[in-house]
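# Observations on the model geometry
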Amino acid sequence: MTHARRRLLAAALALPLAARAQAPIVIKFSHVVAPDTPKGKAAQRFKELAEARTGGRVKIELYPNSQLYKDKEEMEALQLGSVQMLAPSLAKFGPLGVKEFEVFDLPFLFKDTAAFRAITEGPLGAELFRKLEPKGIKGLAYWDNGFQIMSANRPLRQVSDFQGLKMRIQSSKVLDAQMRALGAIPQVMAFSELRQALQTGLVDGTENAPSNLYTQKIHEVQKHMTLSNHGHLAYAVIVNKKFWDGLPGDIRGALEAAIKEATAYANAIASTENAAALQGIQASGRTTLHTPTPAEMNAWKKALMPVHQEMAPRVGKATIAAAYKAAGFVAPD
C-alpha cells in the first residue's frame, strides 16, 4: 500500500469518529400522558432549557402518550438503557422493589400541597431517591400534579357507592388496599388503555388528577366525578444512573440547572392546570361534578384510615412516621 493510499484510508477511518464527536448527546425522555398536561408541559420546558443551556450539545427527544412504552414497560426500558429519562408516577417504584415510595399513596395523608412538598423537598424525599440507586436509577426531581379525584358512571358520595365497582388503579399495593377498603374491586391497568376500558365497561371508574382525566377525555366516558382529593399525584424525574454518571461534568451541571427550573415551572402550573381541567369537564356537560359534604368526607376518611395500619409492614413504619411528621398529618376523629 502506497503512502498516499495509507493517508486516504486513515482519513476515511477518522471521519466517523470526528462526526461522532460533534454529534449531540441524545436523551430519550418517555412518559405516558398527553403533551398538554402539567407533566407534558414540564417535559417540553425541560427540553427547551436543556438544549439551550448546553448550546445544542444535548438533544432531548420527547415521547409522550406511551409512544414508546406503557406503564409497566418503561421502567425496565430505563434500566436497560433503551431510554435515558422518565417521569413515572411515584406509585411505579413499589413494583420495582422500593416499597417505601408507596407512602405517597396513603389516602388522605396530605391536607394541602404544602404538606406534600414538605416531604418531597425535605430529607425523606432525598432518602427515597437514594434507595433507587442500587436499581440503576438516579432521581433528579419530584414534579407535583395535585390532588386526585374519583370517577365512575354513578355518583360516588357514600362509601357504599363503591360497592362492587371495578376501579382502575396503578400497580400499588396501597392503592389496591384503598379500593378494597371502599368495597371496590381494584384493576391494575396501563393508563394508555384506560379510556377504551371505561368505554367498553371493562372497568367502571378510576382515580386521577383532573388534568389527566380531561386531556385523555375520560370525562366523555364517565358520568360522575367526585372532588375527593383523597390522594396526591406526583412524578419522579429519573435517569439511567450509568448514563448520567458517564456524562461530562459540565453537561450534567447544565442539565441539573434545567431540571431545577423545569421543576419550579411544573409545580407552579399544577394547580392552575387542574382547575382549568375541572372547568373544561364541567363545561362539556357530559360529567356531573360532586363536592363531598364534610360528613361524607369524614366517612371516606374513616373507611380508609385502616389502610395506613394495614400497609405499615410493607411501606415501613419508620417511613410512615417520617411522612406523618413532615406532612403534619393528623388522623380523623
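The structure reproduced in this document is the subject of the present report.

The rules behind each value
Residues numbered from 1 in each chain as written. Predicted model: local features only at pLDDT ≥ 70, side-chain atom pairs only at ≥ 80, totals over all residues. Heavy atoms only, no water. Salt bridge = Lys/Arg side-chain N within 4 Å of Asp/Glu carboxyl O. Helix = DSSP H or I, 4+ residues; strand = E, 2+ residues; numbered from the N terminus. Buried < 20%, exposed > 50% of the residue type's maximum accessible area, 1.4 Å probe, protein only. Expected span 1.5 Å × (residues − 1). Bend = angle between axes of the 7 residues up to and from the residue. Contact = heavy atoms within 4.5 Å. 1 Å grid on protein atoms, 1.4 Å probe; cavity = no way out; pocket = protein on both sides within 12 Å on 5 of 7 lines; lining within 4 Å. Points joined across faces, edges and corners; volume = space filled by probe spheres on them. Nonpolar A, V, L, I, M, F, W, Y, C, P; charged D, E, K, R; others polar.

Below, the discussion takes up the pattern of salt bridges. Applying the stated criterion across every chain yields a total of 14 salt bridges. Among the ionic pairs, Lys47 bridges to Glu51, the shortest N-O distance being 2.9 Å. Of this pair, Lys47 and Glu51 both sit in helix 2 (residues 38-53), four residues apart, which is roughly one turn of that helix. Between Glu133 and Lys138 there is a salt bridge; the shortest N-O distance is 3.7 Å. When its relative accessible area of 24% is taken as the criterion, Lys138 is described as partly exposed.

Look at helix 11 (residues 294-315): 29 Å from first C-alpha to last across 22 residues, which is about the 32 Å you get at 1.5 Å a residue. At Ala303, helix 11 shows its maximal bend, which comes to roughly 25 degrees, and the proline Pro306 appears one to four places after that position. Residues Glu296, Met297, Trp300, Leu304, Met305, Val307, His308, Met311, Ala312 and Val315 constitute the buried set of helix 11. On its buried face, helix 11 sits against strand 5 (149-152), helix 6 (173-181), strand 9 (224-226) and helix 12 (317-327).

The full count for this structure, using the stated rule, is three cavities of 30 Å³ or more. Each pocket or cavity is described by its volume, and for the largest cavity that value is around 150 Å³. Along the walls of the largest cavity sit 17 residues, with Ser89, Arg168, Gln170, Asn208 and Leu233 positioned nearest its centre. For the lining of the largest cavity, the elements supplying multiple residues, two or more each, are strand 6 (166-169), strand 8 (205-208) and strand 10 (232-240). Considering only residue class, the lining of the largest cavity consists of seven nonpolar, five polar and five charged. Looking at the second largest cavity, its volume works out to about 70 Å³. In this structure, the second largest cavity is lined by Ser89, Leu90, Ala91, Phe104, Asp105, Gln148, Gln170, Leu175, Glu207, His232, Leu233 and Ala234. Among the elements that take part in the lining of the second largest cavity, strand 10 stands out by supplying three residues, more than any other. Counted by class, the lining of the second largest cavity contains six nonpolar, four polar and two charged residues.

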